[in-house]
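# Structural overview for review
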Amino acid sequence: MSVRACIMGHPVAHSRSPLLHGHWLETLRIDGAYDRVDLASEAFADFFRALRRHGYAGGNVTIPYKEAAFRLVDRREPAAAAIGAVNTVWYDSDVLVGDNTDWLGMIASLDAIHPGWDASAERVAVLGAGGAARAAAYGFLSRQLDVAIVNRTRGRAQQIADQFGPKISVHERKDLPSVLATADVLLNATSLGMAGQEPLDLDLAPLKRDAIVYDIVYVPLATALLKAARARGHRVVDGLSMLLYQAVPGFARWFGVTPTVTPELRALVAADIVRPEKAEAR
Ligand code: NAP
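Here the residue numbering is sequential within each chain, running from 1 through the sequence in written order. Given that the model is predicted, a residue must reach a pLDDT of at least 70 before its local features are reported, and side-chain atom pairs must reach 80 or more before they are shown or counted; all residues, however, enter totals for whole chains, interfaces and linings. Excluded from the side-chain calculations are hydrogens and water; all other atoms, namely the structure's heavy atoms, are used.

### Some details on unusual backbone geometry
For the peptide bond that leads from His 10 to Pro 11, omega is 0°, which places it in the cis range. The topology assignment puts Pro 11 in the loop between strand S1 (3-9) and helix H1 (17-27). A positive phi is found at Ser 93, a non-glycine position, where the angle reads about 55°. By definition, any uninterrupted DSSP run of H or I lasting at least four residues is a helix, any uninterrupted run of E lasting at least two residues is a strand, and each is numbered from the N terminus. Its place among the elements puts Ser 93 in the loop between strand S5 (88-92) and strand S6 (95-99).

Here it is in structure tokens:
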């Protein structure tokens, strides 16, 4: 019997999830489908609660419904409960279960691209304190790392520290040089540097030579931060890597096979990101 999953959000037209799950379904020869479901805010709760009645074994939730999904599921996995947002749902018998796989996407991509990256790491710097930063903090804490957060709105960073405990510290932007000087990983979890947003204005000079620079923004694929980091000889991870790895657990839940992030998949999704970038440049 054909199994169906979907991505729910608004808008979802530009989501790359159908492309990547579609690639896995095709290459693994699974009889299934992964659809886009664009839902107006007044329609989300009813659709989401009746996901199975709509023919879906589960799905992903994206902007702006990750917090609503968190409230609406029957059960939350520990990561979702800690992060306060749900991006992946499935059924356990009749129970709608919600998880957050963004943190895993970040950690799994680091593990795959820079094996052993955390062997001697002690401290990371996270820019931002939104949903993605919360997921990042959760992920880094799962590896027992200290997390220094710098955010425009200090209160949001403080909320993460209050919830996650003493391994999280909150810093002002003016303290960035000293924060960078002691960080083994620098992760941008703000939307700065994304196409159409303000640039991320950051001097990488104080950063340790062997620090890894991670930008979770993936449009453009090569952000100004990643270009500057590469030019200084840092190891890097891009936001596309996180996007690909965060998708693995959901696919495994719905379709029963754990897929692999391959260079072929990466090239497929990268081409889809670069295409509109090129069109815009013309
Ligand atoms: P969010 O909850 O809206 O948080 C946005 C963050 O960016 C906040 O910390 C915000 O600071 C900061 N920010 C926005 N505009 C700013 C400005 N002009 N100056 C300084 N700081 C600014 O969003 P999110 O869900 O965390 O997502 C953040 C980014 O991560 C987005 O670009 C998203 O596409 C990306 N993302 C990527 C993946 C992936 O798989 N690669 C997964 C999830 C998210 P304030 O708190 O001060 O407002």
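### Looking at the environment of Ala 137
Note that Ala 137 resides in helix H6 (residues 131-141). Whether a residue is buried, partly exposed or exposed follows from its accessible area with a 1.4 Å probe, protein chains only, as a fraction of its type maximum: under 20%, in between, or over 50%, in that order. What makes Ala 137 buried here is its relative accessible area of 0%. Along the backbone, Ala 137 and Ile 168 are 31 residues apart, and their C-alpha atoms lie at a distance of 7.9 Å. Any pair of residues with heavy atoms lying within 4.5 Å of one another is described as a contacting pair. If near-sequence neighbours (up to four positions away) are discounted, Ala 137 is found in contact with Val 147, Ile 160, Phe 164 and Ile 168.

### A short note on the sheet that holds strand S2 (residues 32-38)
In this scheme, strands are said to pair when DSSP sees at least two bridges between them. In spatial order, the strands read S2-S1-S3-S5-S6-S4; together these six strands make up an open sheet with mixed pairing. Two strands bound the open sheet, and with one partner strand each, they are S2 and strand S4 (75-76). Pairing between strand S3 (residues 58-61) and S5: three bridges, direction antiparallel. Looking at the pairing, Gly 59 lines up with Val 89 of S5. Only the contacting stretch of a helix is used when fitting its axis, a line to C-alpha atoms as for every element, and angles between N-to-C directions run 0 to 180 degrees. Most of the contacts of helix H11 (residues 248-255) go to S5, to which it runs at about 25°, and overall it touches S1, S2, S3 and S5.

### Some points on the side chain of Thr 223
Assignment of secondary structure puts Thr 223 in the loop between strand S11 (212-215) and helix H9 (224-231). What Thr 223 contacts, discounting residues up to four positions off in sequence, is Gly 193, Asp 215 and Val 217.

### Comments concerning H1
Turning to H1, its buried residues number three or more, namely Ser 17, Pro 18, Leu 20, His 21, His 23, Trp 24 and Leu 25. Looking one or two places after H1, you find Arg 29, whose phi comes out positive at around 50°.

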